[in-house]
Amino acid sequence: MDNLFERITIDKRICSGKPSIRGMRFTVSHMLELIASGMTTQEILHDYPYIEPDDISACLYYASGVMSNRNMLLIEDIT
């Protein structure tokens, strides 16, 4: 599961440093909003063809870690 964290990046130049998927302008919070709104994995993959199934899993795993108070700080190149 830890390799899923490689899909979540934090870069102050992308989305103001919010955790995002693979350096894209697609944040973890946006993914969680889609899931919370009732979208299925298949609907998300259809509507966002650049998203991969492991990206969805990574977002859920990341959110789970944040909520359980584990140290989840990931740093991409912040220079």
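Quick note: structure is the one above.
Just so we're clear, the structure is a prediction, and the values are computed from it rather than from any experiment. (Residues numbered from 1 in each chain as written. Predicted model: local features only at pLDDT ≥ 70, side-chain atom pairs only at ≥ 80, totals over all residues. Heavy atoms only, no water.)

Asks: Can you help me understand unusual backbone geometry in this one?
Replies: Negative phi values dominate among residues other than glycine, just as trans dominates among peptide bonds. Positive phi, normally seen in glycine, also occurs at Ser16, with a value near 55°. In this structure, Ser16 sits in the loop between strand S1 (8–9) and strand S2 (20–21). Although it is not a glycine, Arg22 adopts a positive phi angle of roughly 45°. In this fold, Arg22 is placed in the loop between S2 and helix H1 (28–36). (Helix = DSSP H or I, 4+ residues; strand = E, 2+ residues; numbered from the N terminus.)

Asks: Please explain the side chain of Arg7 as it appears in this structure.
Replies: Summarising the element assignment, Arg7 is placed in the segment before S1. Of the residues examined, Arg7 reaches a relative accessible area of 17% and is grouped as buried. Within polar-contact distance, the side chain of Arg7 engages the side chain of Asp55 at 2.6 Å. Other than its neighbours up to four places away in sequence, Arg7 contacts Ser20, Ile21, Arg22, Glu52, Asp54, Asp55 and Ala58. (Buried < 20%, exposed > 50% of the residue type's maximum accessible area, 1.4 Å probe, protein only. Polar contact = N/O pair within 3.5 Å; in protein donor to acceptor, adjacent residues only side chain to side chain. Contact = heavy atoms within 4.5 Å.)

Asks: Where do I start with the packing of aromatic side chains in this structure?
Replies: Aromatic ring pairs are reported here in terms of the distance separating the ring centres and the angle at which the planes meet. On inspection of all chains with the given rule, the structure shows four aromatic pairs. Centroid distance Phe26 to Tyr50: 6.2 Å. Interplanar angle 75°. Geometry classified as edge-to-face. Note that Phe26 is positioned in the loop between S2 and H1 and Tyr50 in the loop between helix H2 (41–47) and helix H3 (53–67), a separation of 24 residues in sequence. For Tyr50, a relative accessible area of 40% puts it in the partly exposed group. Through a chain of ring-to-ring contacts, three or more aromatic side chains come together here, namely Phe26, Tyr48 and Tyr50. (Phe/Tyr/Trp six-rings, centres within 6.5 Å; stacked < 30°, edge-to-face > 60°.)

Asks: Help me understand H1 in this model?
Replies: Structurally, the α-helix is built with 3.6 residues per turn, so residues lying three or four positions apart point the same way. Buried within H1 are the following residues: Val28, Met31 and Leu34. Each buried residue of H1 sits inside an arc of 120° when the element is viewed along its axis, so together they form one side. Exposed residues on H1 whose side chains face more than 90 degrees from its buried face are Glu33 and Ala36. Of the surrounding elements, those touching the buried residues of H1 are S1, S2, H2 and H3. In the stretch just after H1, Gly38 is the one whose phi turns positive, near 105°. (Arc of directions from axis to C-beta.)

Remember that the coordinates give geometry; whether it matters functionally is a separate question.
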